[in-house]
Amino acid sequence: MSAPDLTTTLLNAQSPDLATRQAAESALQSAEQTNLADFCIALATELATEGKDVNARQLAGLQLKNLLVAKDDALQTEKHSRWKALPPEQRAVIKSTAVSAIRSPEQRARHTSAQACAEIATIELPFKEWPEFLTLLMENVTAPNVEDGVKISSLECLGFTCERIAAVSDIPEIAPDTTDLMLTTIVDGIRPDRPDEI
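Described below are features of the structure shown in this document. Predicted, not measured: the structure shown is a model, and the values here were computed from it.

The rules behind each value
Residues numbered from 1 in each chain as written. Predicted model: local features only at pLDDT ≥ 70, side-chain atom pairs only at ≥ 80, totals over all residues. Heavy atoms only, no water. Axes fitted to C-alpha atoms, helices over the stretch in contact; angles between N-to-C directions. Helix = DSSP H or I, 4+ residues; strand = E, 2+ residues; numbered from the N terminus. Parallel < 35°, antiparallel > 145°, perpendicular 65-115°, else oblique. Contact = heavy atoms within 4.5 Å. Nonpolar A, V, L, I, M, F, W, Y, C, P; charged D, E, K, R; others polar. Salt bridge = Lys/Arg side-chain N within 4 Å of Asp/Glu carboxyl O. Buried < 20%, exposed > 50% of the residue type's maximum accessible area, 1.4 Å probe, protein only. Phe/Tyr/Trp six-rings, centres within 6.5 Å; stacked < 30°, edge-to-face > 60°. 1 Å grid on protein atoms, 1.4 Å probe; cavity = no way out; pocket = protein on both sides within 12 Å on 5 of 7 lines; lining within 4 Å. Points joined across faces, edges and corners; volume = space filled by probe spheres on them. Core = buried A, V, L, I, M, F, W, Y, C linked by side-chain atoms within 4.5 Å. Expected span 1.5 Å × (residues − 1). Arc of directions from axis to C-beta.

**Things to note about the packing of helix α4 (residues 54-66) against helix α7 (residues 107-124)**
Where α4 meets α7, the axes come as close as 8 Å, and the angle between the chain directions of the two elements is 10°. By the angle between their axes, α4 is roughly parallel relative to α7. Between α4, through V54, N55, R57, Q58, G61, L62, L64 and K65, and α7, the contact on the second element is made entirely by R108, A109, T112, Q115, A116 and E119. Looking at the contact of α4 with α7, its residues break down into five nonpolar, five polar and four charged.

**Points about the pattern of salt bridges**
This model, assessed by the stated rule, comprises seven salt bridges. A salt bridge links R91 to E124; the nearest nitrogen and oxygen atoms lie 3.0 Å apart. Here R91, found in helix α6 (residues 88-100), pairs with E124, found in helix α7; they are 33 residues apart in sequence, far enough to count as distant. For E124, a relative accessible area of 1% gives the class buried. Notably, a salt bridge pairs R164 with E119, separated by 2.7 Å at the nearest N-O pair. Highlighted residues: R164 in helix α9 (residues 148-167) and E119 in helix α7, separated in sequence by 45 residues. Side by side, R164 and E119 carry an identical accessibility label, which is buried. Through salt bridges with shared partners, a single ionic network connects R91, K95, E124 and E129.

**So, the packing of aromatic side chains**
Scanning all chains against the criterion turns up one aromatic pair. Here W130 and F133 contribute two aromatic rings whose centre-to-centre distance is 4.5 Å and whose plane-to-plane angle is 35°, an arrangement assigned as tilted. Judged by relative accessible area, W130 falls into the buried class, the value being 3%.

**Some thoughts on the layout of surface pockets**
What the largest pocket holds in volume is close to 180 Å³. Of all elements in the fold, only α5 (73-85) and α9 reach the threshold of two or more residues within the lining of the largest pocket. Of all the elements, α5 adds the most residues to the lining of the largest pocket, at six residues. The class makeup of the residues in the lining of the largest pocket is five nonpolar, five polar and five charged.

**Re the nonpolar core**
Residues L43, L64, I94, L125 and F133 are the most contacted members of the largest nonpolar core, which totals 45 residues. When residues of this core are traced back to their parent elements, those giving at least two are α1 (3-12), α2 (18-34), α3 (36-48), α4, α6, α7, α8 (131-142) and α9. A per-element tally of this core places α3 first, with eight residues. Leave out the neighbours within four places in its chain, and L125 touches W130, F133, L134, T161, I165, I174 and M182.

**Quick notes on α8**
The end-to-end C-alpha distance of α8, which contains 12 residues, comes to 17 Å, matching closely the 16 Å that a straight helix rising 1.5 Å per residue would cover. Residues of α8 that are buried include every one of F133, L134, L137, N140 and V141, and no others. For α8, the angular spread of the buried residues around the axis is 125°, confining them to a single face.

**Digging into unusual backbone geometry**
If you check the backbone angles, K128 has positive phi at about 60° while not being a glycine. Locating K128 in the fold gives a position in the loop between α7 and α8.

**So, empty space enclosed by the protein**
Counted under the stated rule, the structure contains one cavity of 30 Å³ or more. Reported here for the largest cavity is a volume of approximately 30 Å³. Counting residues per element, the lining of the largest cavity draws most heavily on α5, at three residues. Here the lining of the largest cavity is composed, by residue class, of five nonpolar, no polar and two charged.

Okay, structure coming up:
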């Protein structure tokens, strides 16, 4: 699915017109089933591309997140297995592209990126994968020249990640050094000298 088609399809999936909405939902399901890796890359790119319709960016991030999360434990395990089966090089592109949106000037893109990245981190961190994720969030929170909105979205992402890891069963315990880095970032983010928004 090309970028203009994806933008239109995402927006059409929210259409009040039933036929338009169903056609768009069908196209999204087809893209997922045809080539999950390429679909995830396209969604991450849509989310991260500045200048795109912010509604489409938000929908792309939510679609990416929803490809990885389920309320049913068996379906959750299946979705995690599908993610882990993707080639590492393609997962790396998806991760780096999606997490880059945390630094977007658009608040909705940052917030949605935080949600999508938290789902990816929930799958990867227990297996000691994606080590740069926490380093990036820590840099976003602790660096003095980073905008407050980016700090907030980074802390949101960390919070979503902790919440999701706690909710998912059958994953290894998080390594102590990972937990330490998460806590250090949170503590820095809630220092008394931070603005109230943070």
